[in-house]
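# Coordinate inspection notes
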Amino acid sequence: MRGERNGPSLLPLLLWAGVWRSQFIFAPRLRRHCHAAHPAAPGARLPLAAPLGDSPPVLGCSCSCLPSRASLSLLWFCRHLLREALPRGKGSMQGACQKDAAPGGQNLGGRKQKGQGTPRLPTSRKICYALGGAPYQLTGNVISFFLQIFLLDIVQLDAFWASSVIFVGRAWDSVSDPIVGYLVSRSPERKCGKLIPWTLGSTPFGVLLYCLLWYTPSDHLSSSWKFFWYLTTYCFFQTCLSCYHVPYTSMTMFLGGSQSDRDSATAYRMAMEIVSTLVGSGLQGLIVSKYHANIISNCQGLNGSLSNETVSNYTFPSTETLKNARASYLIAALVISSLYCLSCAILVLGVQEQHGPSGKQDQSRLPFIHSLFIIMSHRTYMILLSGFLFVSMAFQMAQGIFAFFFTHAAGLSEYFQYLLLILLVVACFTIPFWQWFLVKFGKKNAVFVGYSLAIPAFIILVQVTNSFLIFAFTMILIGCSIAVLFLLPWSMLPDTIDDFQVKNPTCHNLEAFFYSFFIFVNKFGGGLALGISTMCLHFAGYHPGTCEPNPMVILVLRVLMAPVPITLLIIGLTIFCFYPLDEKKKREIRAKMEAAK
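These remarks concern the structure in this document. (Residues numbered from 1 in each chain as written. Predicted model: local features only at pLDDT ≥ 70, side-chain atom pairs only at ≥ 80, totals over all residues. Heavy atoms only, no water.)

Per the secondary structure count, the chain includes 23 helices and 0 strands. Across the 597 residues of the chain, 50% fall into the buried class. Sequence-distant contacts in the chain: of pairs separated by 6 or more residues, those separated by 24 or more amount to 81%. Carbon and sulfur atoms form 66% of the exposed surface of the chain, whose accessible area is close to 27,200 Å². (Helix = DSSP H or I, 4+ residues; strand = E, 2+ residues; numbered from the N terminus. Buried < 20%, exposed > 50% of the residue type's maximum accessible area, 1.4 Å probe, protein only. Contact = heavy atoms within 4.5 Å. Areas by Shrake-Rupley, 256 points an atom, 1.4 Å probe, with all protein chains shown as cover.)

And the structure:
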């Protein structure tokens, strides 16, 4: 939508001036179009008329088919004149809120769309952009699935210190995104762009810190020193990842092309993020699961020679098996890091930033706190944010203890990587179904149906042990719900922003605040869920390196895998009951936005 412009009394003068001005500016352009399309009639005269559109179509040089040449000419030139007469610079802004021109709107390179002057965004650039999003999902999901069991069973860090590393690290991750976003928005534009230098410069440090995160220091170090090592490495890695991911997500607006091209590039990106989740978690599970199974088998080998009480209290020294397990985590980190570097190289070489005029990019915006207050006062956004927070915490609670649960409580330590693959493959391939479902039955119905599938699956998980087929069935149900978690929140957020813009027609350029705070809440909720789960293990009496956890630890794992996520899901679904945007309401919003254009 466009805001109101000052000085409407000048419009007739501008229209008449446009007709006169067009004789000298647009006529040569139209003549070149005609000559290019009709080389057989190079001397034919081109009329000063063309149908409405972003570029004049190619007609016969005799132009006998043109109706009402004067009226078409007037409309054509007035449209281009009004497009060029949009307010520019700080002096033309009205009030504190004003919409900037869409970046990348001119001189964008690429193929032109049929009947339009805006060049199309090449498919190759969309693919390169999508591949650039792989590092975030590759590393983030591996950390979510495996960092807890790595710190507890491989590093043998005390559960209290491990929970502190996870919670503080995730909290810092959620805070670092707005800070990095603030710095990126004020960084100067260079030859290679404004955003590419951030992604390229942060990659070497991010790769190094990711490898150090999975490195195990000497066993002679105290727990406090190990805690300091992993907390520092984790926080610095998350900072580097924010320096990569925040500019990367902002790059959507600077790819060039039309709005539909940018929507298409975002769809490519979401598909690649799901594939990256599958590849990263699958590779990590295949590499390290064998060594976790060896540790458990060594435990079982003691049952014949030691009493049950001795076995449960037996603590492994730094044996060859434990060393191999630590080495496997480092090898997996090197594999993921190589994919990290490859994705960054494809992004840098395959994507070129397209910025609009510098005067439009420098227009002032509301202060940060004022903008945050405005979007937090929007009821629809707060309902979506609150519901998403509880649903996200439910799945991230289960995700954090996934490997730990199947290793110690479900008795499937040698198979949990296959269960993880089933879950992610189902999530990947059911997204098209849920896309069809939300179009057919509405997004709100998709929320209730999709998230409800996980509730019986969580119940079955804690009732059965040592049954791969039953667990595989539950992974199918949870995978369907995770697909909804991937798709629905990010599909409902644009509707909420549209509702905000209809109710606040003078406030623009707040989309970044909607998205960044959405990500902030998601990360903070995930850190809270993982921190609470690990702290519960500490209070349950879990000791790192113990051959067989005590019954209280097993009970806590079962509670964290089913009752807690189910409760969080029910709270989230209850909040979604108050979400006001149904299909009828969204049609009304779209009609109002079209009328205001």
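Continuing now.
What follows covers the nonpolar core. In terms of nonpolar packing, the biggest core is built from 148 residues, with Trp214, Phe406, Tyr451 and Phe458 touching the most fellow members. When near neighbours in sequence (up to four residues on either side) are disregarded, Phe406 contacts Gly411, Leu412, Ser413, Phe416, Leu419, Leu461, Phe471 and Met475. (Core = buried A, V, L, I, M, F, W, Y, C linked by side-chain atoms within 4.5 Å.)

Residues lying three or four places apart along an α-helix face the same way, a consequence of the helix completing one turn every 3.6 residues. All buried positions along helix α21 (residues 551-561) are accounted for by Val553, Ile554, Val556, Leu557, Leu560 and Met561. Projected down its long axis, α21 carries its buried residues within an arc of 160 degrees, all on one side. (Arc of directions from axis to C-beta.)

To continue, consider the environment of Ile401. Inspection of the secondary structure puts Ile401 in the loop between α13 (379-400) and α14 (402-408). Sequence separation between Ile401 and Phe145 is 256 residues; the distance between their C-alpha atoms is 7.2 Å. Apart from residues lying up to four places away in sequence, Ile401 is in contact with Gln148, Ser533, Leu557, Leu560 and Met561.

Next up on the list: unusual backbone geometry. At Gln156, a position not held by glycine, the phi torsion is positive, near 60 degrees. Relative to the helices and strands, Gln156 resides in the loop between α4 (134-154) and α5 (159-185). Residue Gln156 is classed as partly exposed on the basis of its relative accessible area, which comes to 23%. With a phi close to 55 degrees, Asn466 is a non-glycine residue in the positive phi region. Relative to the helices and strands, Asn466 is located in the loop between α18 (454-461) and α19 (468-503). Looking at Asn466, the relative accessible area reads 54%, which means it is exposed.

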